[in-house]
Amino acid sequence: MKTQKLPPKPAKVAQARRSKPSPGLDRDIQAAIGDQLRAMHDSILREGVPDRFVDLLARLDKPQGNR
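So, a few notes on the structure that sits alongside this text.

Re the overall build of the protein
Link 1 in the chain: Scanning the protein from N- to C-terminus turns up three helices and zero strands.
Link 2 in the chain: The order of helices and strands in the protein, counted from the N terminus, is α-α-α.
Link 3 in the chain: Counting every position in the protein, which comprises 67 residues, the buried fraction comes to 1%.
Link 4 in the chain: Total accessible area on the protein stands at roughly 7,400 Å², and carbon and sulfur atoms take up 57% of it.

This is the structure we're talking about:
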């Protein structure tokens, strides 16, 4: 006969949560990463679209005849 393992009692679960360090990054590190990502994204947006891509998109937008 197998013994069934019971779930932990709520008080023990709460105690275990308090004693373990929370995973992840603290708010200062998250803010620094966010600032760096925004700066990188802004610089990419300022670069614009290369002329060859603009030309390609214009050709793709033109209606084509029956094939």
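Thoughts on the pattern of salt bridges
Link 1 in the chain: What the rule picks out here adds up to one salt bridge.
Link 2 in the chain: The shortest N-O distance in the salt bridge between R38 and D35 comes to 3.0 Å. Placement of both R38 and D35 in helix α2 (residues 27-47) is noted, with a separation of three residues, approximately one turn of the helix.
Link 3 in the chain: Exposure remark for D35: the relative accessible area of 46% places this residue in the partly exposed category.

Quick notes on α2
Link 1 in the chain: For α2, which comprises 21 residues, the first-to-last C-alpha distance of 31 Å matches the rise-based estimate of 30 Å (1.5 Å per residue) to within 8%.
Link 2 in the chain: The first or second residue beyond α2 is G48, which carries a positive phi of 80°.

Thoughts on a nonpolar patch on the surface
Link 1 in the chain: On the surface, L25, I29, I33, L37, M40 and I44 cluster together into a nonpolar patch covering about 550 Å² of accessible area.
Link 2 in the chain: Mapped onto the secondary structure, L37 falls in helix α2.
Link 3 in the chain: A residue is classified by how much of its surface remains accessible, and L37, at 52% relative accessible area, is exposed.

About the cut-offs
- Residues numbered from 1 in each chain as written.
- Predicted model: local features only at pLDDT ≥ 70, side-chain atom pairs only at ≥ 80, totals over all residues.
- Heavy atoms only, no water.
- Helix = DSSP H or I, 4+ residues; strand = E, 2+ residues; numbered from the N terminus.
- Buried < 20%, exposed > 50% of the residue type's maximum accessible area, 1.4 Å probe, protein only.
- Areas by Shrake-Rupley, 256 points an atom, 1.4 Å probe, with all protein chains shown as cover.
- Salt bridge = Lys/Arg side-chain N within 4 Å of Asp/Glu carboxyl O.
- Expected span 1.5 Å × (residues − 1).
- Patch = residues over 30% accessible without salt bridge, like charges linked within 9 Å, V, L, I, M, F, W, Y side chains within 5 Å.

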